[in-house]
Protein chains: 2
Amino acid sequence: MLTLYDNNDSGNGYKVRLLLAWLGTDYHYVDLDIFGGASRTPEFLARNPIGRIPTLELDDGTHLAESGAILYYLAEDSPYWPQSRRDRADVLKWMFFEQYSHEPYIAVLRSWSRHGEITQQKRDQWGEREAKGYEALGIMEGRLEGHDFLVGDRPTIADIALFAYTHVADQGGYDLARFPAVQAWIDRIKGLRGHVSIDAVLKG
Amino acid sequence: MLTLYDNNDSGNGYKVRLLLAWLGTDYHYVDLDIFGGASRTPEFLARNPIGRIPTLELDDGTHLAESGAILYYLAEDSPYWPQSRRDRADVLKWMFFEQYSHEPYIAVLRSWSRHGEITQQKRDQWGEREAKGYEALGIMEGRLEGHDFLVGDRPTIADIALFAYTHVADQGGYDLARFPAVQAWIDRIKGLRGHVSIDAVLKG
């Protein structure tokens, strides 16, 4: 059986949890205290030298890191990875966009709001990060104004990758009311069969 | 014929140029003055709402953004995208690692060193970014100590994605002499058939 090393508050981990729920796949769950250093121990670094969760342990005992790579691996034979090369490239476009132009602003302000002290350095960066996060939400709004999903007309792992931190952006201070198409898409994703919430408590 | 919208100093653009050279594919080249705002004009935003280069215009007139997605699209039927799902996931792992844990430190310090003024805000962030860049190089070194390439035993688009900014990391102040396996891998990539340098001047 698959084992997911994760932290229950992580949106990157939630991406994998949500896909596994969509797929109806059972797995072991290991909730690591990442704020206490549990992803930086020698034991965990042997699993993933990058020292980050989520990390997926496969049936053969090897490990796969990076939420986007895990989503691809689990979805490749499913409807959540499209048939055409062109659509697949667009799925990856949104997933790279999320990691580079969305997560560092929307996820990071959520994390700063929920964990640790707001230092002067964080305060100095807040405005710029917030502006870039709003820019990312505006780019999503542009796509979703005319479409139900980010790629094609069906949900894909691109939707999962963007949903994870977007639907809790308010926890980092973002006002999602400015983005009605994004809000409608959030409700659409929540209505899909197999949905689980980001704070669902999982047992090992 | 494909058209690549790019800036000749961009490592993200160079990833696409290097793969096109490996593949022996001809293309039109459009060098945009991104520091003068050429990727933020209404005309360019119609091509790519994210407002970034590289952006690839396909034969059907549609556009594809995000260097990683472009690499996937161009490589899918080539030896640079592996046969097995497991190896493909590892290729994507390294590509997401590059965009999230490498590029913001190694590429950004190179860009700050080459373009614009070194502001106090940049100075305040320099040490932390440099340390995280060295951490990323250490993770690459760990893989490359025992292997010729990042995934499997052949070059893939993962090598292209990491090579682009790693081989010019010294331009951002990094000392690559600390990473002998990375240095040997850089020489190995440079020796592959079809290699072009990051500063090769391309004509439209």
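Residues numbered from 1 in each chain as written. Chains lettered and ligands numbered in written order. Predicted model: local features only at pLDDT ≥ 70, side-chain atom pairs only at ≥ 80, totals over all residues. Heavy atoms only, no water.

1. Thoughts on the overall build of chain A
Scanning chain A for helices and strands turns up seven helices and four strands. N-terminal to C-terminal, the α/β element order of chain A is β-α-β-α-β-β-α-α-α-α-α. On C-alpha atoms alone, chain A measures out to a radius of gyration of 17 Å, which is about the 17 Å that the 2.2 N^0.38 rule sets for 204 residues. Here the C-alpha coordinates of chain A stretch approximately 50 × 45 × 30 Å along the principal axes. When burial is assessed residue by residue, chain A has 57% of its 204 residues classed as buried. Long-range pairs, those at least 24 residues apart, make up 68% of the contacts in chain A with a sequence separation of at least 6. As displayed, chain A has an accessible area near 8,500 Å², and 47% of this comes from carbon and sulfur atoms. Charged side chains in chain A number 22 positive and 30 negative. The centres of these two groups are separated by 2 Å. (Helix = DSSP H or I, 4+ residues; strand = E, 2+ residues; numbered from the N terminus. Rg over C-alpha atoms; globule rule 2.2 N^0.38 Å. Buried < 20%, exposed > 50% of the residue type's maximum accessible area, 1.4 Å probe, protein only. Contact = heavy atoms within 4.5 Å. Areas by Shrake-Rupley, 256 points an atom, 1.4 Å probe, with all protein chains shown as cover. Lys, Arg positive; Asp, Glu negative; His and termini not counted. Charge placed at Lys NZ, Arg CZ, Asp CG, Glu CD.)

2. Here's the deal with the relation of the copies chain B and chain A
The two copies are related by a screw operation: chain B maps onto chain A through 180 degrees of rotation and 0.0 Å of translation along the axis, at an RMSD of 0.0 Å. Between the two chains, the operation in question is that of a two-fold axis. Among all C-alpha atoms of chain B, that of Tyr100(B) lies closest to the rotation axis, at 3.1 Å. Same-surface contact between copies: 100% of interface residues of chain B are shared with the interface of chain A. (Least-squares fit on C-alpha atoms with pLDDT ≥ 70 in both.)

3. Overview of helix H7 (residues 180-190) of chain A
Residues and elements named next belong to chain A. Along H7, the residues classified as buried are Ala-181, Val-182, Trp-185, Ile-186 and Ile-189. Viewed end-on, H7 has its buried residues packed into an arc of 145 degrees, placing them on one side of the element. Seen from the buried face of H7, the exposed residues on the opposite side, beyond 90 degrees, are Pro-180 and Asp-187. Looking at the buried positions of H7, the neighbouring elements they touch are helix H1 (11-23), helix H5 (120-144) and helix H6 (157-166). (Arc of directions from axis to C-beta.)

4. Describing the confidence of the model for chain A
Per-residue pLDDT for chain A has a mean of 95; in total, 99% of the residues score no lower than 70. This complex was scored by the predictor with a pTM of 0.96 and an ipTM of 0.96. (pLDDT = per-residue confidence, 0-100.)

5. Brief notes about the interface of chain B and chain A
Contact with chain B, which involves 38 residues of that partner, is made by 38 residues of chain A. For the pair chain B and chain A, the summed buried surface comes to about 3,600 Å²; carbon and sulfur atoms form 59% of the total. Contact with chain A buries area across many residues of chain B, yet Arg85(B), Phe96(B) and Tyr100(B) alone supply 22% of it, more than any other trio. Note that Arg40(A) and Glu135(B) form a salt bridge whose closest N and O atoms lie 2.8 Å from each other. For the interface between chain B and chain A, the tally reads 14 residue pairs in polar contact (both at pLDDT 80 or more). Sorting the residues of the side of chain B that touches chain A by element identifies strand E4 (63-65), helix H3 (67-75), helix H4 (85-101), helix H5 (103-114) and helix H6 (120-144) of chain B as the ones contributing at least two each. At 13 residues, H4(B) tops the list of elements feeding residues into the side of chain B that touches chain A. Taken together, the residues of the side of chain B that touches chain A sort by class into 17 nonpolar, seven polar and 14 charged. (Buried area = accessible area lost by both parts, 1.4 Å probe. Salt bridge = Lys/Arg side-chain N within 4 Å of Asp/Glu carboxyl O. Polar contact = N/O pair within 3.5 Å; in protein donor to acceptor, adjacent residues only side chain to side chain. Nonpolar A, V, L, I, M, F, W, Y, C, P; charged D, E, K, R; others polar.)

6. Section: the sheet that holds strand E3 (residues 55-57) of chain A
Residue and element names in this part refer to chain A. Strand order in this open sheet of four strands is E2-E1-E3-E4, and the pairing throughout is mixed. In this open sheet, the two strands that pair with only one neighbour each are strand E2 (27-31) and strand E4 (63-65). Each strand of the sheet is rotated relative to its neighbour by a mean of 20 degrees, with strand direction disregarded. The sheet contact formed by strand E1 (residues 2-6) and E3 spans three bridges and is antiparallel. Counted as the bridge partner of Leu-4 is Leu-56 from E3. Along the sheet face, helix H3 (residues 67-75) touches E1, E3 and E4 and points at about 120 degrees away from the line of E4. (Pairing = 2+ DSSP bridges. Axes fitted to C-alpha atoms, helices over the stretch in contact; angles between N-to-C directions.)

7. Brief notes about H3(A)
Within H3(A), nine of the nine residues are buried, leaving the element largely enclosed by the surrounding structure. Within H3(A), the full set of buried residues consists of Ser67(A), Gly68(A), Ala69(A), Ile70(A), Leu71(A), Tyr72(A), Tyr73(A), Leu74(A) and Ala75(A).

8. Considerations on the packing of aromatic side chains
Counting across every chain of the model gives 23 aromatic pairs over all chains. Centroid distance Trp112(A) to Trp126(A): 5.8 Å. Interplanar angle 50 degrees. Geometry classified as tilted. Residue Trp112(A) is located in helix H4 (residues 85-114), and its partner Trp126(A) is located in helix H5; the two are separated by 14 residues in the primary sequence. Trp112(A) sits in the buried class, given a relative accessible area of 13%. Ring centres of Phe163(A) and Trp185(A) lie 6.1 Å apart, and the angle between their planes is 70 degrees; on these two criteria the pair is classed as edge-to-face. Of this pair, Phe163(A) sits in helix H6 while Trp185(A) sits in helix H7; the two residues are 22 residues apart in sequence, bridging distant segments of the chain. Taken individually, Phe163(A) and Trp185(A) each receive the classification buried, so the pair is uniform in this respect. Put simply, the rings of Tyr72(A), Trp81(A), Tyr72(B) and Trp81(B) touch in pairs and so form one group of aromatic residues. (Phe/Tyr/Trp six-rings, centres within 6.5 Å; stacked < 30°, edge-to-face > 60°.)

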